[in-house]
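Here is how the chains run, residue by residue.
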Amino acid sequence: MKRSREKAASELFAALYPRLAGWCRRLVDDDGTAHEIASEAFTRLWARWTSVDEPRGFLYVTAANLVRDHWRRTERERRALHRVTSEAAVRPPTEQTDPSVRLLVQSLPERLRVPILLHYYADMPIREVSALTGRKEGTVKADLHAARELLRVHLRRSLDHTP
């Protein structure tokens, strides 16, 4: 049984790791970090192998959470660097000078961020996002719509305030 478990895990890794790592790469903009996150997601899956019904979904949700943690850590580091350097700056930058979509997605509430990450960044159909998040398809569609509207407003506001 152990041999078949290892074979199944090895086949799953071969099938899903490249795409998961690529998805993470688009989110974190760094190859090394993306591979660390994808590897950690597989490590966590392996630890729960016998209790996970949907390994692909588990991997993407786990990776999304790890990406969120990375974004938070990066934001804390950015704020700390900003505090250190702002005293020497002639004019400190405004809070939202970077209109990048990734930062805007990061700022969404988790209820809206997870469906955006799974649907648009992992290319999962709404039906699959619904199953993974435990929400009805209509709710996922409404959350995606609300997230797009928030992103549109924030992006427009960020671009309007650009010097």
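As shown above, the structure is provided for reference.
Everything quoted here is computed from the prediction, not taken from an experiment.

Calculation notes
- Along each chain, residues carry numbers from 1 onward, in the same order as the chain's sequence is written.
- Reporting of local features is limited, given that this is a predicted model, to residues whose pLDDT is at least 70; pairs of side-chain atoms are given and counted only at 80 or more, and all residues count toward the totals for whole chains, interfaces and linings.
- Neither water nor hydrogens contribute to the side-chain values; these are computed over all heavy atoms in the structure.
- In plain words, nonpolar cores are sets of buried Ala, Val, Leu, Ile, Met, Phe, Trp, Tyr and Cys residues tied together by side-chain atoms within 4.5 Å.
- For the exposure calls, accessible area comes from a 1.4 Å probe over protein chains only, and a residue counts as buried if that area is under 20% of its type's maximum, exposed if over 50%, partly exposed in between.
- Put simply, DSSP marks the helices as runs of H or I at least four residues long and the strands as runs of E at least two long, and each gets a number from the N terminus on.
- Think of a polar contact as two N or O atoms within 3.5 Å of one another; within protein, one of them needs to be a possible hydrogen donor and the other a possible acceptor, and neighboring residues in sequence only count if both atoms come from side chains.
- The contact criterion used throughout is that any non-hydrogen atoms of two residues lie within 4.5 Å.
- Multiplying 1.5 Å by the residue count of a helix minus one yields the expected span of that helix.

(A) Quick look at the nonpolar core. Counting 41 residues, the largest nonpolar core has Leu20, Trp23, Cys24, Phe42, Leu59 and Leu117 as its most contacted members. Breaking this core down by element, the ones donating at least two residues are α1 (2-28), α2 (31-47), α3 (55-86), α4 (101-107), α5 (110-121) and α7 (137-160). The biggest single contributor to this core is α1, with ten residues.

(B) Main features of the side chain of Ser130. Among the secondary structure elements, Ser130 is positioned in helix α6 (residues 126-133). A polar contact of 3.4 Å, which involves the side chain of Ser130, links it to the backbone nitrogen of Glu137. Each residue touching Ser130, except ones within four places of it in the same chain, is listed here: Arg135, Lys136, Glu137 and Val140.

(C) Seen up close, α2. Between its terminal C-alpha atoms α2 stretches 24 Å, which fits the 24 Å expected from 17 residues at 1.5 Å a residue. Within the span of α2, buried status applies to Thr33, Ala34, Ile37, Ala38, Ala41, Phe42 and Leu45.

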